[in-house]
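Structural overview
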Amino acid sequence: MSEKKSGNSERRSVETILTHHGREPDDQFGFVNTPVYRGSTVLFKTLDDMVGQKQRFLYGRAGNPTTQSVEAVITELEGAYRTRLVPSGLAAITIAVLSCVKAGDDVLISDSAYEPGRSFADGFLKRMGVTARYYDPRIGAGISALMQPNTTAILAESPGSLTFEVQDIPAIAAAAHANGARLIVDNSWASPLYHQPLALGADLVVHAGTKMFVGHSDAFAGTISTTEAAWAEVESTRALLGFFTSGDDAYLVARGLRTLAIRMKEHHSRALEIASWLEAQPEVVQVLHPGLSSHPDHALFKRDFTGSGSLFSVLLAPAPRASVAAFVDKLEIFTMGFSWGGYESLCLPVRLGANRTAKPWTAEGNLFRLHIGLEGIDDLKADLADAIARYSAAR
Ligand SMILES: *Cc1c(COP(=O)(O)O)cnc(C)c1O
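What you see is a predicted model, and the numbers here were worked out from it, not measured in a lab. Numbers given to residues run from 1 along each chain, matching the order in which its sequence is written. This being a predicted model, a pLDDT of at least 70 is required before a residue's local features are given, and a value of 80 or more before pairs of side-chain atoms are given or counted; all residues contribute to the totals for chains, interfaces and linings. Each side-chain value is derived from all of the structure's non-hydrogen atoms; neither hydrogens nor water enter the calculation.

Regarding the sheet that holds strand 6 (residues 204–208)
Spatially, 1-7-6-5-4-2-3 is the arrangement adopted by the seven strands of the open sheet, whose pairing is mixed. The two strands at the open ends of the sheet, each matched to only one other strand, are strand 1 (82–86) and strand 3 (131–135). The average undirected angle you get between the axes of adjacent strands in this sheet is 20°. For two strands to count as paired, DSSP must find a minimum of two bridges between them. Numbered from the N terminus, helices here are DSSP runs of H or I no shorter than four residues, and strands are runs of E no shorter than two. Summarising the sheet, strand 2 (residues 106–110) and strand 4 (residues 151–157) pair through four bridges and their orientation is parallel. Within strand 4, the residue paired with V107 across the bridge is A153. Angles shown run from 0 to 180 degrees and are taken between the N-to-C directions of axes, each axis being a line fitted to C-alpha atoms and, for helices, limited to the stretch in contact.

Brief notes about the site of the ligand
By convention in these notes, a residue is near a molecule or strand provided one of its non-hydrogen atoms lies within 4 Å of it. Taken together, the neighbourhood of the ligand is formed by 15 residues, with G89, D186, T210, K211 and W340 sitting nearest. Polar contact is defined as a pair of N or O atoms within 3.5 Å, subject to the rule that within protein one atom must be able to donate a hydrogen and the other to accept it, and that residues adjacent in sequence are counted only when both atoms are side-chain atoms. A distance of 2.8 Å separates an oxygen atom of the ligand from a polar atom in the backbone of L90. At a separation of 2.7 Å, an oxygen atom of the ligand approaches a polar side-chain atom of K211. Coverage of the ligand by the protein amounts to 93% of the 380 Å² it exposes when considered alone. Think of it as three bins: nonpolar holds Ala, Val, Leu, Ile, Met, Phe, Trp, Tyr, Cys and Pro, charged holds Asp, Glu, Lys and Arg, and polar takes everything else, Gly as well. Taken together, the residues that form the shell around the ligand break down as seven nonpolar, five polar and three charged. To be clear on the numbers: accessible area is Shrake-Rupley with a 1.4 Å probe, and residue cover counts the displayed protein chains and nothing else.

Structural notes on the pairing of strand 10 (residues 346–350)
Regular strands place their side chains on alternate faces of the sheet. Each residue is assigned to one of three classes by its accessible area relative to the maximum for its type, calculated with a 1.4 Å probe on protein chains only: buried under 20%, partly exposed between the two thresholds, exposed over 50%. Taken across its five residues, strand 10 has four buried, putting it largely inside the fold. One ladder, built from five bridges, connects strand 10 with strand 11 (residues 366–371); its direction is antiparallel. When the bridges of strand 11 are listed, L348 appears paired with R369.

Some details on the side chain of S188
Locating S188 in the fold gives a position in the loop between strand 5 (182–186) and helix 7 (191–194). S188 gets classed as buried once you look at its relative accessible area, which sits at 9%. Of note is the side chain of S188, whose polar atom sits 2.8 Å from the backbone nitrogen of A208. Those residues in contact with S188 that lie beyond four places of it in its chain are V206, H207, A208, M212 and W340. In what follows, a contact means two residues having at least one pair of non-hydrogen atoms within 4.5 Å.

Things to note about the packing of helix 3 (residues 65–78) against helix 9 (residues 247–257)
Contact geometry of helix 3 with helix 9 gives a least axis separation of 8 Å together with a crossing angle of 35°. The interaxial crossing formed by helix 3 with helix 9 has left-handed handedness. Judged by residue contacts, T66, T67, S69, V70, V73 and I74 of helix 3 engage G247, A250, Y251, V253, A254 and L257 from helix 9. Of the residues belonging to the contact of helix 3 with helix 9, the class tally is eight nonpolar, four polar and no charged. A clockwise turn of the near helix away from the far one marks a right-handed crossing, whereas an anticlockwise turn of less than a right angle marks a left-handed crossing.

Considerations on the environment of T362
Relative to the helices and strands, T362 is located in the loop between strand 10 and strand 11. Residue class for T362 comes out exposed when judged on its relative accessible area of 66%. On a C-alpha basis, the gap between T362 and L352 in space is 9.2 Å, while along the polypeptide they are 10 residues apart.

Considering the pairing of strand 2
With five of its five residues buried, strand 2 lies for the most part within the structure. Of the two faces of strand 2, the one holding D106, L108 and S110 and the one holding V107 and I109 are both buried throughout. Bridge analysis of strand 2 against strand 3 gives five bridges, and the strand direction is parallel. Bridged to S110 within strand 3 is Y135. Crossover handedness is defined here as right-handed if the route from the first strand over the helix to the second strand goes clockwise, with the strands pointing away from the viewer. Each parallel crossover has a hand, and for strand 2 linked through helix 5 (residues 115–127) to strand 3 it is right-handed.

Remarks on the domain arrangement of the protein chain
Source of the domain bounds: an automatic or database domain assignment. Taken domain by domain, the protein chain holds domain 1 (9–257) and domain 2 (261–393). Relative to domain 2, the C-alpha centre of domain 1 lies at a distance of 27 Å. Each partner contributes to the interface: domain 1 provides 40 residues, whereas domain 2 provides 42 residues. Computed with a 1.4 Å rolling probe, the buried area is the accessible surface lost when two parts are put together, summed over both parts. Surface buried jointly by domain 1 and domain 2 totals about 3,400 Å² across both partners, of which 59% is contributed by carbon and sulfur atoms. It is W189, Y194 and M212 that lose the most area in domain 1 upon contact with domain 2, and together they represent 25% of the buried surface on that side. When a carboxyl oxygen of Asp or Glu is within 4 Å of a side-chain nitrogen of Lys or Arg, the pair counts as a salt bridge. Here domain 1 is connected to domain 2 by four salt bridges. With its nearest N and O atoms 3.6 Å apart, the salt bridge here joins D111 to R356. There are 25 residue pairs in polar contact (both at pLDDT 80 or more) connecting domain 1 and domain 2.

Shown next as structure tokens:
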């Protein structure tokens, strides 16, 4: 947890926040980085110290200087009241949703939302007496018509990380607030560098820190940043469920954050370059990248985002499974796997079926999700051009 600082830090650039925030060399014998703190027990000198609970740390489960070094940076970037580091992006989603509901409540979830979040809602939440309904990610202000008296939370992910619909966050926030509900936004794709949902009316912002914050595919983390009004429930839910992130993992997040600005800039421009190059390649039916002028939500994207992430999808003309295998099995630079956000490029064939209910996915053809990493751009294009040629030949 970290206090939002006022004053000069309000005016600092994101690059300076990322490189200077959340570390106090004077407290660390002058060493630049806050080291890995490992610890459960925190010692008290006197009975008064223990009972008075005035020390900065009381017990390791509530955090340590390493976890706080991350929270301070994200709080500043998101313009939040406070931030909590949690063990994964999925934990960020589940804690955020649980902080808004009780038995008998209802939540609305974007049909494009991260799939394990859906499973949590359909399984766990249902067992707890909370209903979950799904909405068309392009619904905008129309979400008002779906609000019930017992709807207490909306979970949005903008853009959706498989199909890349951009959501009208201000309109959805207004509908939520008119109903006394809270809006949670998964902001993993753009990062707080390019999109700040709290400023657009959201109440909670979650990140899969595993992706861009860590940046090297070597640790799990999540963050939850909130307004002042939403904070207490998030912190008590996290504390009561016993979630804690180790100093070792927190250190990797803090280390990744120091270079987030230059990495995002590279991912942004490389992904856009490959996306627009792909638009002109054979077999390509559509490239789903909100930064392209051909994208149906491009106007909304330009209104609410200042840059784009590493991730987008490409839809290839219908072809049998053998073509999909021919595309991915012989890739030389791209590799195949879940997750994204590392320095290495990834390609994931996507099958959308049962996980779309409010707005079924009807596009014909094969969808591939690409994460554009930091390899040579011509090598990436050559790898994709070869893959497309194999896709055609295998038909
Ligand atoms: C990966 C991902 C998550 C979950 O993060 P984990 O750290 O893998 O639990 C949540 N939201 C989005 C958009 C993601 O891509």
